[in-house]
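Single-letter residue listing:
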Amino acid sequence: MANEVNLNLDPRGFLEIMPQRAAAFEAASEAPLPTDYPVNKLMRAFHPDWQYARIQKIETHGPGAKSFTLVPDESKGTKELAYFSAGQYICVYLAIGASRLLRPYSIRSAPADAPAGKYILTIKRAQDGFASDYILDHWKEGGAVTLTGPEGNFTYEPLRDAKEIVGIAGGSGITPFFSLAAAIAGGAEDCRLTLLYGSRRAEDILLKDELDALARQTDKFKVIHVLSDDPAEGYESGFITADLIKKHTPSGDYSLFLCGPQEMYAYCDAQIAALALPPRRVRHELFGAPSARLTHPNLKDGAFTMKVITRNSEKEAPCAANESLLVALERAGTAVPSRCRSGECGFCHTKLLSGEVFIPSDFDKRRLADVAYNYIHPCVTFPLSDITIEVPGQKEPV
Ligand code: FES
C-alpha cells in the first residue's frame, strides 16, 4: 500500500484551478498576442545592442587628450541615448583595416545629460593604445560613431557602499569620478566624494578647470591634486600613500574607489592594505586587459595557431604568446561579443575545445561552472600552445 498514489491529494490546488483555467482559455480572445510588451521596450531603452551617434563637438586638452560630445544619430534610428549610472562605460565599435573591435570608455558626463541627448567621452593617448590613438587621430566633428549600451558596476550603490566615498584616480581614470561628481552636484546621487587625483605635473592634470568648477558647485565634492614628478605650491606631492589618504579622509565609515592605469594599482593596493578597510569597502575599476609582462613558467615568446570555430565557419589565425586571445580574434576580423576587456563582464565567454592557456589569477572572474566546463574569457586569456576555441557570434551594427 506504501506506493499507492492518493489522487485525492491536491496540495497546490492544481485540480481545483484546472477547470477555471480551461474555461478562461475557452473564453479568451482570438486576437494575436502583442509582439512587443512595455517591458521589452524598457529593456531596449536601457540596454540597446547598439546606439548610433554623431560627434557634435571635440575639445582638445593639451597634446594627449580630447573630449568628444556625442549626440543621437536619428538618421540611423537612435532617437535618444540610453540612461546610465555614474561610473558606467560604453564600448566604441571600431573597424580598423580588417580588425573589428570594441573598446570600453567610461562616460564622463552626468547621467542626467543622457536623456537630454548627450554623452561626453574623454580619451587620453596611451602607450600602445591602438584604439585610443586611432580615435584621437581619426574622429572628426560630424563623424558617425557606433556604441554599445552602458555597462559596468563601478557605481555608487547606497545598499552596499558608505555614503562617504574616497576616490583615487590616475590619468584618464578620472572619467568615472567626474561623472559621479557631476551627478552629486546635480542632486542625482546622494553621497559625498573626496577625490585624490594623481598626475605627474600640474600641466598634466586632465579636466582641472572643470573639476574645480564642480567642487565650487557643491560642498559634497572635494578634489585634491597630487603631483608625483614636479612639486608645486597648492598641490600635494609624491605618490598617493596611506598617510595621504588618511590626511584627507573624513572621519567615520567610508568606501574607497580606485580607477587608473594598472601600474598605479600595485602601488596603491599596498597603501590601501595599510588602512585595514573591510574588503567590501574597497572597489576597483579594472580598466582593461592585463598589460604588465606576463609571468608563467610555460609562457614562451612567439606565436601559436588558434583554430576558431563559429556557428557558420572555421578558420585559423595566429595568436601571440603575450597577447590576449581577444586581441588575436579582433586582428583576425572575428567579431566576438566583448565589453569590459578585464575578465569581469562575461560577454566574451568562449569554449576552449583544446590546448593549454594561461589566465592571470587577478583577472580570472569565471564562475565555477565555467571553469569546470572549460569556458574562458578570451580578453584575459593567453595561449601556451596551439588551441581550438568555439566563439559566440556577435550581432553586427548596421
Ligand atoms: S569582455 Fe568582459 S569578460 Fe571578456
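Residues numbered from 1 in each chain as written. Predicted model: local features only at pLDDT ≥ 70, side-chain atom pairs only at ≥ 80, totals over all residues. Heavy atoms only, no water.

A. Just the overall build of the chain, in detail. Secondary structure assignment for the chain yields nine helices and 19 strands. With the principal axes as the frame, the chain shows a C-alpha extent of 90 × 55 × 55 Å. Buried positions account for 47% of the 398 residues belonging to the chain. At a minimum sequence separation of 6, the contacts of the chain that also span at least 24 residues come to 70%. Total accessible area computed for the chain in this model is approximately 21,000 Å², and 52% of it derives from carbon and sulfur atoms. Positive and negative charge centroids in the chain, built from 43 and 50 side chains respectively, lie 2 Å apart. (Helix = DSSP H or I, 4+ residues; strand = E, 2+ residues; numbered from the N terminus. Buried < 20%, exposed > 50% of the residue type's maximum accessible area, 1.4 Å probe, protein only. Contact = heavy atoms within 4.5 Å. Areas by Shrake-Rupley, 256 points an atom, 1.4 Å probe, with all protein chains shown as cover. Lys, Arg positive; Asp, Glu negative; His and termini not counted. Charge placed at Lys NZ, Arg CZ, Asp CG, Glu CD.)

B. Just the environment of isoleucine 272, in detail. Assignment of secondary structure puts isoleucine 272 in helix 7 (residues 262–273). Looking at isoleucine 272, the relative accessible area reads 6%, which means it is buried. Expressed as a C-alpha distance, the spacing of isoleucine 272 and alanine 303, which sit 31 residues apart in the sequence, is 38 Å. Apart from the residues lying within four places of it in its own chain, the contact partners of isoleucine 272 are Ile168, Ile245, Leu256, Leu258 and Val282.

C. Broad picture of the sheet that holds strand 14 (residues 314–320). Spatially, the five strands line up as an open sheet ordered 14-13-19-15-17, and their pairing is mixed. The open sheet has two free edges, formed respectively by strand 14 and strand 17 (375–376), since each of these has just one partner strand. Pairing of strand 13 (residues 303–309) with strand 14, which is carried by seven bridges, proceeds in the antiparallel orientation. Note that in strand 14 the partner of alanine 303 across the bridge is alanine 320. (Pairing = 2+ DSSP bridges.)

D. Focus on the state of the cysteines. Tallying each qualifying case throughout the model produces zero disulfides. Take cysteine 91: it sits in no disulfide, and the sulfur closest to it among the cysteines is that of cysteine 345, at 7.6 Å. With no disulfide of its own, cysteine 259 has cysteine 268 as its nearest cysteine by sulfur position, at a separation of 11 Å. (Disulfide = S-S within 2.5 Å.)

E. Inspection of the nonpolar core at higher detail. Of all hydrophobic cores here, the largest spans 47 residues; its most connected members are Ile168, Leu193, Leu195, Tyr197 and Ile245. Among the elements of the structure, strand 7 (164–170), helix 4 (174–185), strand 8 (192–199), helix 5 (208–217), strand 9 (221–227), helix 6 (242–248), strand 11 (255–259) and helix 7 are those that each provide at least two residues to this core. Structurally, this core is a two-domain feature, drawing no fewer than three residues from each of domain 1 (43–147) and domain 2 (164–284). Ala53, Leu121, Ala131 and Val145 belong to the second-largest nonpolar core, a separate cluster that totals 24 residues. (Core = buried A, V, L, I, M, F, W, Y, C linked by side-chain atoms within 4.5 Å. Domains from an automatic or database assignment.)

F. The domain arrangement of the chain, seen in detail. If you check the domain split of the chain, you get domain 1 (43–147), domain 2 (164–284) and domain 3 (303–390). Each of domain 1 and domain 3 has a C-alpha centre, and these two points are 26 Å apart. Of the roughly 770 Å² buried where domain 1 meets domain 3, counting both sides, 50% is carbon and sulfur surface. On the domain 1 side of the interface with domain 3, the three residues burying the most area are Tyr89, Arg100 and Leu102, jointly 46% of the side's total. Linking domain 1 with domain 3 are one salt bridge, by the criterion used here. For glutamate 330, the salt bridge identified is with arginine 103, shortest N-O distance 3.4 Å. Looking at the side of domain 1 that touches domain 3, the elements that each hand over two or more residues are strand 3 (89–96) and strand 4 (99–106). Top element by residues in the side of domain 1 that touches domain 3 is strand 4. It accounts for six residues. (Buried area = accessible area lost by both parts, 1.4 Å probe. Salt bridge = Lys/Arg side-chain N within 4 Å of Asp/Glu carboxyl O.)

G. Just a nonpolar patch on the surface, in detail. A cluster of nonpolar side chains, Phe14, Leu15 and Met18, forms an exposed patch at the surface whose accessible area comes to about 300 Å². Along the chain, the position of phenylalanine 14 falls in helix 1 (residues 14–27). A residue is classified by how much of its surface remains accessible, and phenylalanine 14, at 47% relative accessible area, is partly exposed. (Patch = residues over 30% accessible without salt bridge, like charges linked within 9 Å, V, L, I, M, F, W, Y side chains within 5 Å.)

H. Structural detail: the pairing of strand 6 (residues 144–147). Pairing of strand 1 (residues 51–61) with strand 6, which is carried by four bridges, proceeds in the antiparallel orientation. Each bridged residue has a counterpart across the sheet, and for arginine 54 the counterpart in strand 6 is alanine 144. Note that strand 3 and strand 6 share two bridges and pair antiparallel. What sits directly across from valine 92, in strand 6, is leucine 147.

I. Main features of the packing of helix 4 against helix 5. Orientation of helix 4 relative to helix 5, taken along the N-to-C sense of each, is 25 degrees, at an axis distance of 9 Å. Regarding the angle of helix 4 to helix 5, the classification is roughly parallel. As helix 4 runs across helix 5, the sense of the crossing is left-handed. Across the interface between the two elements, Ile174, Phe178, Ala181, Ala182 and Ala185 from helix 4 touch Glu210, Leu211, Leu214 and Gln217 from helix 5. Of the residues belonging to the contact of helix 4 with helix 5, the class tally is seven nonpolar, one polar and one charged. (Axes fitted to C-alpha atoms, helices over the stretch in contact; angles between N-to-C directions. Parallel < 35°, antiparallel > 145°, perpendicular 65-115°, else oblique. Left-handed = near helix turned anticlockwise from the far one by under 90°. Nonpolar A, V, L, I, M, F, W, Y, C, P; charged D, E, K, R; others polar.)

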